[in-house]
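Spelled out, the chains give:
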Protein chains: 2
Amino acid sequence: MFDLMNELAITNQTKIVLLVADGLGGLPREPGGPTELEAAATPNLDALVARNVCGLSIPVAPGITPGSGPGHLGLFGYDPRLYTIGRGVLEALGIDFDLGPDDIAARGNFCTVDPAGEITDRRAGRISSEIGGQLVEKLRAIRIDGAEIFVEPVRDYRFVLVIRGSGLGAEVDDTDPGRTGVPPRKPSAREPASQRTAAMIESFVSQAAAILKDDHPANMITLRGIARRPPTPSLEEVCGVRAAAIAVYPMYRGLARLVGMAILEPGKSWAEQTAALARHWDGFDFFFLHYKYTDAAGEDGDFARKVRCIEEFDAGIPAITALGPDVLIVTGDHSTPAKLKNHSWHPVPVLLAAGSCRVDEATGFGERQCLRGGLGQVEAKYLLPLALAHAGRLAKFGA
Amino acid sequence: MFDLMNELAITNQTKIVLLVADGLGGLPREPGGPTELEAAATPNLDALVARNVCGLSIPVAPGITPGSGPGHLGLFGYDPRLYTIGRGVLEALGIDFDLGPDDIAARGNFCTVDPAGEITDRRAGRISSEIGGQLVEKLRAIRIDGAEIFVEPVRDYRFVLVIRGSGLGAEVDDTDPGRTGVPPRKPSAREPASQRTAAMIESFVSQAAAILKDDHPANMITLRGIARRPPTPSLEEVCGVRAAAIAVYPMYRGLARLVGMAILEPGKSWAEQTAALARHWDGFDFFFLHYKYTDAAGEDGDFARKVRCIEEFDAGIPAITALGPDVLIVTGDHSTPAKLKNHSWHPVPVLLAAGSCRVDEATGFGERQCLRGGLGQVEAKYLLPLALAHAGRLAKFGA
């Protein structure tokens, strides 16, 4: 598809807006009842559906539950099975770290170990960002032969480790065992070219253990998601759009940066995000706005709060439509049904509003209505070419 | 998808049941009328649809009519375009022949030829299994240089030939011309590596002709579906489920064996099959039950009998749901509309029942209702990952 989009791309003055309500899709709380989206009062989204098309977006493939990385890459038009992103890379991108193509990044946690070296708390009592920052400062004293080391705070008990060297493989297993009652794992290479990397990480971890030994509860570290960034063409390279992201949470800014989006100052609230959109309207062709709280409520299993979040999200719509986007897409990166308290594989409601829509019979935004929608059930990666088409940004294929 | 399922597979205690009513999908007998499934009284299936999701399964690709092999492989999660199975392999697997990875198998028919050597009956007057068995015994006298030969009866006029050698190609055309009035074809290799195999088959056929010359009506043989088994990972290797098949007909047991299913004693009737399911409930994670008679009635063009078969199939549902499967899928391997007296390419009704279903607006099991179903129109190979997801057997993909 990228070759095709690249070949057919047309530059014009249109504006495309992609609104992502994280974890938007849901499930009924009880049999026969409404989903979160169906229960929410969403007059603005309903009005858009009634005049345009809706459908369901399949994030990766039927039955596959995506993390935030594959969920968003799909919405940006990238096949999430071809472009896989390690957690360490996401974290580094999310703190504005300028990750080079050869850098190896890992997500770090401060944790608590007992005198036997076994983990008793994987998050070190959720220490504050202030204390986390002080401990990161200490870890910056660590030196490793043959590579430059960066240690950067993320928030609370989380940090990023970046190893900058040359000829280093990135195929090293997590040291985080994923549970308490056992010691951190030794870093282990999955292939010969990564053995030197594993040795460097082992050296880093043992130096960190020595430095932190009196810093209870944060007296040890674990590392996971050790990875290099995939070679990802930018959206501008793929289809000529100058894209910008307005996202409050670092990870989503990191994902946007990976596909070459400019990162705009989002403010804190949804209203501030939509205000940022208005402020930067003339500077870009494609805007990605990320609303986090639908997913957080779903993960907490809080059906009612997810309903309220959806209503807050809906309330921001008029400020966006008032700008007159040529194409507006509203969807989620995956479903997070409160019933499951987790991401899920269920297809995600999507609406596409544009002047060239072939209107369907759906009259409101909800999972059952979207089953009748004109978009059908479509893989998320096809939403970008659909948006480009409605924006007049794709020429005819073939004579 | 297999790499992905393999990476994400989780083992737990859930039970998945796949019920296949062979050739389930149909067509109206007259314009505007009901299909076989719509005409049948299916209170148990209707109740499942009302509380769960339905849709339509595309066996291979739009417009492609599958045989039983690709139809079932798709339902087992295997892309039927990647895993192709020759008829000879199917027949050998279906009689419990322990087919080695290098064995070449062919489906054999006893047939009748006239003094000019032209076929007058492709099934030798449908001789009995008893006579067929006696003739197979005669053919076992045949010897071929450089390979071991196995001749095994199937039933009636059908047998299996297996050639066990080394370095033998399996690209040899059928000797069965598919019609009467012409002689059997000479075995012909489609590539150089199979020329030795073709010569062996030619030797086998000429020896068989000499042996059978006085056994009218079974005075000759034809061979077709000459093939080696594809290298097929087992379902347990793909996704960790221990799978078992409860199928009355040999071919379907053979297909199940090909993907590593245990073969359980099915009894004869549908009630005995469901009783076998109950008996073995604790021993496996995934059960495939095959009901043949819907297809047989469709192939006979007997609309009313197909309706009755569907009703018999429906009557077996309560015994299955009483076991409390975590995920129950009901579908067919393809459509066999009585109107066409043949397999067809039409999508096949499918229902999926599980605790995590996003209920759709369908209220009964039938082709038109399934068009409104939450599963949409989905390739058969995605039903396995969907079942695994609903069973909590697939972890999240990516961070």
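Up top is the structure these notes are about.
Presented here is a report on the structure given in the accompanying data block. Predicted model, so just to flag it, every value in this text is computed and none were measured. (Residues numbered from 1 in each chain as written. Chains lettered and ligands numbered in written order. Predicted model: local features only at pLDDT ≥ 70, side-chain atom pairs only at ≥ 80, totals over all residues. Heavy atoms only, no water.)

Next up on the list: the overall build of chain A. A count of helices and strands for chain A gives 15 helices and 13 strands. Since a compact globule built from 399 residues should have a radius of gyration of about 21 Å, the 22 Å found for chain A is in line with a globular shape. Seen through its principal axes, chain A has C-alpha atoms that stretch 65 × 50 × 40 Å. Sorting the 399 residues of chain A into buried and exposed places 58% on the buried side. In chain A, once contacts between residues fewer than 6 apart in sequence are set aside, the share between residues at least 24 apart is 73%. Here chain A displays about 15,400 Å² of accessible surface, and carbon together with sulfur accounts for 50% of that area. Side chains of chain A carry 41 positive and 49 negative charges; the gap between the two charge centres is 1 Å. (Helix = DSSP H or I, 4+ residues; strand = E, 2+ residues; numbered from the N terminus. Rg over C-alpha atoms; globule rule 2.2 N^0.38 Å. Buried < 20%, exposed > 50% of the residue type's maximum accessible area, 1.4 Å probe, protein only. Contact = heavy atoms within 4.5 Å. Areas by Shrake-Rupley, 256 points an atom, 1.4 Å probe, with all protein chains shown as cover. Lys, Arg positive; Asp, Glu negative; His and termini not counted. Charge placed at Lys NZ, Arg CZ, Asp CG, Glu CD.)

All names here are of chain B. A sheet is described by the order of its strands in space; here 8 strands give the open sequence β9-β8-β10-β1-β11-β12-β2-β13, paired in mixed fashion. Since the sheet does not close on itself, it has two edges, and those belong to β9 (262–263) and β13 (376–379), each with one partner. Note: strand β8 (residues 243–247) against strand β10 (residues 286–291), 5 bridges, orientation parallel. In the strand pairing of β10, Ala-247 is matched with His-290. Across the sheet, helix α15 (residues 383–390) touches β1 (16–21), β2 (53–58), β10, β11 (327–331), β12 (348–354) and β13, and the angle it forms with β11 is around 155 degrees. (Pairing = 2+ DSSP bridges. Axes fitted to C-alpha atoms, helices over the stretch in contact; angles between N-to-C directions.)

Quick look at the sheet that holds strand β11 (residues 327–331) of chain A now. Residue and element names in this part refer to chain A. Read across the open sheet, the 8 strands follow the order β9-β8-β10-β1-β11-β12-β2-β13; overall the sheet is mixed. Looking at the sheet topology across the chains shown, the edges are occupied by β9 (262–263) and β13 (376–379). Sheet topology places strand β2 (residues 53–58) next to strand β12 (residues 348–354); 5 bridges connect them, and they run antiparallel. Looking at β12, one finds that Gly-55 is bridged to Val-350.

Gaps between atoms show up when a probe of the same size as a water molecule is rolled over them. Applying the stated rule across the entire model yields 2 cavities of 30 Å³ or more. In this structure, the largest cavity occupies an estimated 60 Å³ of space. Around the largest cavity sit A:Ile16, A:Val17, A:Leu18, A:Leu75, A:Phe286, A:Ile329, A:Leu383, A:Leu384 and A:Ala387, which together line it. Put simply, the parts of the chain that give the lining of the largest cavity at least two residues each are β1 (16–21) and α15 (383–390) of chain A. In terms of residue class, the lining of the largest cavity is built from 9 nonpolar, no polar and no charged. Its volume calculated, the second largest cavity comes out at about 50 Å³. Forming the walls of the second largest cavity are B:Ile16, B:Leu18, B:Leu75, B:Phe286, B:Ile329, B:Leu383, B:Leu384 and B:Ala387. Those elements giving two or more residues to the lining of the second largest cavity turn out to be β1 and α15 of chain B. The element contributing the most residues to the lining of the second largest cavity is α15(B), with 3 residues. (1 Å grid on protein atoms, 1.4 Å probe; cavity = no way out; pocket = protein on both sides within 12 Å on 5 of 7 lines; lining within 4 Å. Points joined across faces, edges and corners; volume = space filled by probe spheres on them. Nonpolar A, V, L, I, M, F, W, Y, C, P; charged D, E, K, R; others polar.)

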